Amino acid sequence: MLKRLIFVGILVAFATSDNVVYKDCGSKTGAITTVGVTPCPNEPCLLKKGSNISMAITFTTKEEVTKISTDVYAVLLGKKLPFPNFPYPDGCKDSGLSCPLKSGGTFKYNSTLHVDSDYPAIKVLVWWQLADQNGDIIFCFEVPAEITN
Ligand SMILES: *[C@@H]1O[C@H](CO)[C@@H](O)[C@H](O)[C@H]1NC(C)=O
Ligand SMILES: *[C@@H]1O[C@H](CO)[C@@H](O)[C@H](O)[C@H]1NC(C)=O
């Protein structure tokens, strides 16, 4: 029984921790430890139209954070286009974070990206950034993705 539980636990751990290879795009007052995208077993992450993608980022802070504004972009042909109607611009809300965040701490941020059925089926880079009360980037990462039917 215990063995089976441990086995199932390991399976769940694998199934839910899709840590991806990302490019840092300017983290300044924080540093990324891991970027998890679920589902994304392989890159580019396939973003199925009509689905919800879960994001889980572990990061550390180098300064105190009292406010967080989140911006999500699709980078296409070198242009940064804001993801339309991203519903979680306030990174202190619905994100697992309770602000203020102390300096020198480790935190886990989570969010959801809804892939609208109206998006074109194209390859994009997903650019995700959190800025603090001074407009400085806490963390920023870029992950290759492809919107699929
Ligand atoms: C995605 O999330 C939205 C908002 O929570 C929800 O209404 C919708 O049913 C979800 N879609 C899927 C495919 O899970
Ligand atoms: C973040 O995780 C919490 C706890 O699991 C959940 O209630 C919340 O909806 C998540 N936020 C987003 C934006 O998905």
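Cut-offs used in this document
- Residues numbered from 1 in each chain as written.
- Chains lettered and ligands numbered in written order.
- Predicted model: local features only at pLDDT ≥ 70, side-chain atom pairs only at ≥ 80, totals over all residues.
- Heavy atoms only, no water.
- UniProt positions renumbered as here; feature names shortened; annotations may be inferred.
- Near = heavy atom within 4 Å.
- Polar contact = N/O pair within 3.5 Å; in protein donor to acceptor, adjacent residues only side chain to side chain.
- Areas by Shrake-Rupley, 256 points an atom, 1.4 Å probe, with all protein chains shown as cover.
- Nonpolar A, V, L, I, M, F, W, Y, C, P; charged D, E, K, R; others polar.
- Helix = DSSP H or I, 4+ residues; strand = E, 2+ residues; numbered from the N terminus.
- Buried < 20%, exposed > 50% of the residue type's maximum accessible area, 1.4 Å probe, protein only.
- Lys, Arg positive; Asp, Glu negative; His and termini not counted.
- Salt bridge = Lys/Arg side-chain N within 4 Å of Asp/Glu carboxyl O.
- Contact = heavy atoms within 4.5 Å.
- Disulfide = S-S within 2.5 Å.

As annotated in an unreviewed UniProt entry, the chain carries the name NPC intracellular cholesterol transporter 2 and comes from Branchiostoma floridae. Looking at the chain in UniProt, the text filed under Sequence similarities (unreviewed entry) is "Belongs to the NPC2 family." According to the UniProt record, the Subcellular location (unreviewed entry) comment for the chain is "Secreted".

This next bit is on the site of ligand 2. Y88, D94, N110, S111 and T112 make up every residue found near ligand 2. Contact distances for ligand 2 include 2.4 Å between an oxygen atom and a side-chain N or O atom of N110. At 2.5 Å from an oxygen atom of ligand 2 is found a side-chain nitrogen or oxygen belonging to T112. Notes on ligand 2: free accessible area 370 Å², of which the protein chains cover 47%. Residue composition of the shell around ligand 2, by class: one nonpolar, three polar and one charged.

Now for the side chain of D132. Mapped onto the elements, D132 comes out in the loop between β8 (123-131) and β9 (137-148). For the buried residue D132, which engages in no salt bridge, the nearest side chain bearing the opposite charge is K28, 7.6 Å off. Residues in contact with D132, not counting those within four places in the same chain, are T29, V65, K67 and I138.

Here we come to the state of the cysteines. Scanning the model with the defined rule gives three disulfides in all. The side chain of C40 participates in a disulfide bridge whose partner is C45; the two sulfur atoms lie 2.2 Å from each other. A torsion of -85° about the S-S bond marks the disulfide between C40 and C45 as left-handed. Just as C40 is buried, C45 falls in that class too. Disulfide pairing places C92 opposite C99 at an S-S distance of 2.0 Å. On the sign convention where negative means left-handed, the S-S torsion of about -90° between C92 and C99 marks this disulfide as left-handed. According to the relative accessible area criterion, C99 is partly exposed, its value standing at 26%.

With an omega of -5°, the peptide bond running from T38 to P39 counts as cis. Tracing the backbone shows P39 in the loop between β2 (30-38) and β3 (45-48). E43 connects to P44 through a cis peptide bond whose omega is 5°. The topology assignment puts P44 in the loop between β2 and β3. In this structure, N85 takes a positive phi of about 55° despite not being glycine. For N85, the position within the fold is in the loop between β6 (79-82) and β7 (106-114). A positive phi angle, close to 55°, is found at D94, a residue other than glycine.

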